[in-house]
Amino acid sequence: MSKDLSLISTEAPHRRPAVEGVLVLIGMMGVGKSTVGRILAEKVGAEFVDTDQVIEERIGLSIKSIFSQRGEGYFRDRETEVLADALRCSGPLVVSVGGGAVGRPENKRLLNEANLVVWLRASPATIWSRIVDSVDRPLLERGGLEGIIALTHARSSDYAEVSTVVVDVDDLDIDRVVADVLKCWQEL
Ligand code: S3P
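Computed from a predicted structure; not experimentally measured.

Calculation rules
Residues numbered from 1 in each chain as written. Predicted model: local features only at pLDDT ≥ 70, side-chain atom pairs only at ≥ 80, totals over all residues. Heavy atoms only, no water. Pairing = 2+ DSSP bridges. Helix = DSSP H or I, 4+ residues; strand = E, 2+ residues; numbered from the N terminus. Axes fitted to C-alpha atoms, helices over the stretch in contact; angles between N-to-C directions. Contact = heavy atoms within 4.5 Å. Near = heavy atom within 4 Å. Polar contact = N/O pair within 3.5 Å; in protein donor to acceptor, adjacent residues only side chain to side chain. Areas by Shrake-Rupley, 256 points an atom, 1.4 Å probe, with all protein chains shown as cover. 1 Å grid on protein atoms, 1.4 Å probe; cavity = no way out; pocket = protein on both sides within 12 Å on 5 of 7 lines; lining within 4 Å. Sits in = over half its atoms within 2 Å of the grid points. Nonpolar A, V, L, I, M, F, W, Y, C, P; charged D, E, K, R; others polar. Parallel < 35°, antiparallel > 145°, perpendicular 65-115°, else oblique.

A. View of the sheet that holds strand 1 (residues 22–26). Across the sheet, which stays open at both edges, the five strands sit in the order 2-3-1-4-5 with parallel pairing between neighbours. The strands lining the two open edges of the sheet, one partner per strand, are strand 2 (47–50) and strand 5 (165–168). Taken pair by pair, the neighbouring strands of this sheet meet at an average axis angle of 20°, ignoring direction. Direction of pairing for strand 1 relative to strand 3 (residues 93–96): parallel, over a ladder of four bridges. Looking at the pairing, Val-24 lines up with Val-95 of strand 3. Against the sheet, helix 1 (residues 33–44) engages strand 1, strand 2, strand 3 and strand 4 (116–121), with an angle of about 170° to strand 2.

Rendered as structure tokens:
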């Protein structure tokens, strides 16, 4: 008896892509780490940690208020704590970290423990166009576009040092970035 092939679906719509371990998204402000991280985590059924969001929840203040009331050093200490906590998980977990986290040697050591660190890389012009109207990015107040250009160049070697993979996001929409990052994770 021949099978009615029309009843056999080749799709598995409810099956989630299999991934393991901890994936960390790094890169400058505005490159889409939080948005990509959230969508990706949901797609694969992983936990999601946005370090800035966890810091705001723990302290009960916005990032901007933490910078102005307690100083950047205080913020950076909390950032290291949250990153260390997140990296204790075995996964599957997606972590999106603030753009400046790579500046600390201790954070670089922590990032080394992740299974995959993806640098979402964008040009200063792209970054600027995405964050120019942002109200909760204290570093924006330190020099406008010139400041972003300087910061992007200053941090590039740190991003390169800690990342396993680079995804250039200038010309990509969010869905494409999610798909590219997922592919890297699945190929681990
Ligand atoms: C910062 C980036 C911000 C936030 C804080 C400092 C930075 O996070 O952690 O304002 O030093 O680049 P995003 O990269 O998510 O904007």
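B. Layout of the site of the ligand. Taken together, 13 residues lie around the ligand, and Lys-33, Asp-52, Arg-76, Arg-137 and Arg-155 are the ones closest in. A distance of 2.7 Å is found between an oxygen atom of the ligand and a side-chain nitrogen or oxygen belonging to Lys-33. A distance of 2.9 Å is found between an oxygen atom of the ligand and a backbone nitrogen or oxygen belonging to Gly-99. Within the complex, the protein chains bury 96% of what would otherwise be the 390 Å² of accessible surface of the ligand. When atom positions are compared with the pocket grids, the ligand is found to occupy the largest pocket. Among the residues making up the shell around the ligand, the classes are represented as five nonpolar, three polar and five charged.

C. Focus on the packing of helix 3 (residues 63–70) against helix 4 (residues 72–86). Contact pair helix 3 / helix 4: the axes reach a minimum separation of 7 Å and the direction vectors enclose 125°. With respect to helix 4, the axis of helix 3 lies oblique. Between helix 3 and helix 4, the contacting residues are Ile-63, Ile-66, Phe-67 and Arg-70 on the first element and Glu-72, Tyr-74, Phe-75 and Arg-76 on the second. Across the contact of helix 3 with helix 4, the residue classes tally to five nonpolar, no polar and three charged.

D. Region of interest: unusual backbone geometry. Residue Pro-92 follows Gly-91 across a cis peptide bond; omega there is 0°. Note that Pro-92 resides in the loop between helix 4 and strand 3.

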